[in-house]
Amino acid sequence: MEIIIQPTAAAATAVAARVIARLLNEKPNAVIGLATGSTPLLLYRALIDMKLDWSRVTTFNLDEYIGLPKEHPQSYYSFMWENLFRHINIAPENVHIPDGKAKDIPGFCAAYEQRIRDAGGIDLQVLGIGTDGHIGFNEPTSSLASRTRIKTLTPQTRQDNARFFASLDEVPTHCITMGIGTIMAARSVLLVVSGEGKATILRDVLQGPVTPQVPASILQFHPSVTVV
């Protein structure tokens, strides 16, 4: 595990963007797992400014709320197209985001896993962490071997995300998320974390015991992790 500490979020974002740029330069048809949230937002802005060639890249997003249509402003589909995809030359057919309105959610989850395998697996998985140590929407007590599936959002996560909605009541209660096993199968992981509010949980992730109570702690066992 490589840990790179920077004085500001902007400086950390620049380091993370260079990691992705290097991958795209070395492997133009890379498969990248992407995350949403305030920390990745800075990263996506930096990547847009770098004007990289995304024409052969395939992406898989970590998660999506169940029940929100794609056009909902708080859906992760909308987030990704608004903040990254429409600004780069990625082929729409190479973009994969969980469908929160799928009629058969378990069937969709199994198919999502198959699409990842068909693409050759994920070369680089971009992650942030929640204040409770979740990655994707793998909340505390999630199975460390889990694959893409339905999850119930904890009160803490719903409270953390309520700032994006008009009220807490509007925050969905369930989601589709890649599993921890899915994330660990990526050939490399890029974890980007900023802010004093994440300091304690990041310490637990990096230096504490590996436990389902802190899902991101499993990254201690991954052979290729960069933490910025």
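Computed from a predicted model, the values in this text were never measured in an experiment. (Residues numbered from 1 in each chain as written. Predicted model: local features only at pLDDT ≥ 70, side-chain atom pairs only at ≥ 80, totals over all residues. Heavy atoms only, no water.)

Asks: Would you mind going over the packing of helix H1 (residues 9-26) against helix H2 (residues 38-50) with me for this structure?
Replies: Two measures define how a pair of helices packs: the angle their axes make with one another and the distance between the axes. Following both chains from N to C, one finds H1 and H2 inclined at 55 degrees, their axes separated by 9 Å at the closest point. When the interaxial angle is binned, H1 and H2 end up oblique. Relative to H2, the crossing made by H1 is right-handed. Along its contact with H1, which presents Ala9, Thr13, Ala16, Ala17, Arg18, Ile20 and Ala21, the element H2 presents Leu42, Leu43, Ala46, Leu47 and Met50. Tallied by class, residues from the contact of H1 with H2 come to 10 nonpolar, one polar and one charged. (Axes fitted to C-alpha atoms, helices over the stretch in contact; angles between N-to-C directions. Helix = DSSP H or I, 4+ residues; strand = E, 2+ residues; numbered from the N terminus. Parallel < 35°, antiparallel > 145°, perpendicular 65-115°, else oblique. Left-handed = near helix turned anticlockwise from the far one by under 90°. Contact = heavy atoms within 4.5 Å. Nonpolar A, V, L, I, M, F, W, Y, C, P; charged D, E, K, R; others polar.)

Asks: Honestly, the layout of surface pockets in this entry has me stumped. Any pointers?
Replies: Remark: the empty space left among the atoms is shown by a probe the size of a water molecule rolled over them. Approximately 670 Å³ is the volume found for the largest pocket. In terms of lining residues, the largest pocket is bounded by 32 residues, among which Thr36, Gly37, Ser38, Asn161 and Arg163 are the most central. For the lining of the largest pocket, the elements supplying multiple residues, two or more each, are H2, strand E4 (63-65), helix H3 (76-83) and helix H5 (155-161). Here the lining of the largest pocket gets four residues from one element, more than from any other, and that element is H2. Counted by class, the lining of the largest pocket contains 15 nonpolar, 13 polar and four charged residues. Approximately 280 Å³ is the volume attributed to the second largest pocket. Looking at the lining of the second largest pocket, the elements with two or more residues in it are H1 and helix H7 (199-207). With three residues, the top contributor of residues to the lining of the second largest pocket is H7. Looking at the lining of the second largest pocket, its residues break down into 12 nonpolar, four polar and one charged. (1 Å grid on protein atoms, 1.4 Å probe; cavity = no way out; pocket = protein on both sides within 12 Å on 5 of 7 lines; lining within 4 Å. Points joined across faces, edges and corners; volume = space filled by probe spheres on them.)

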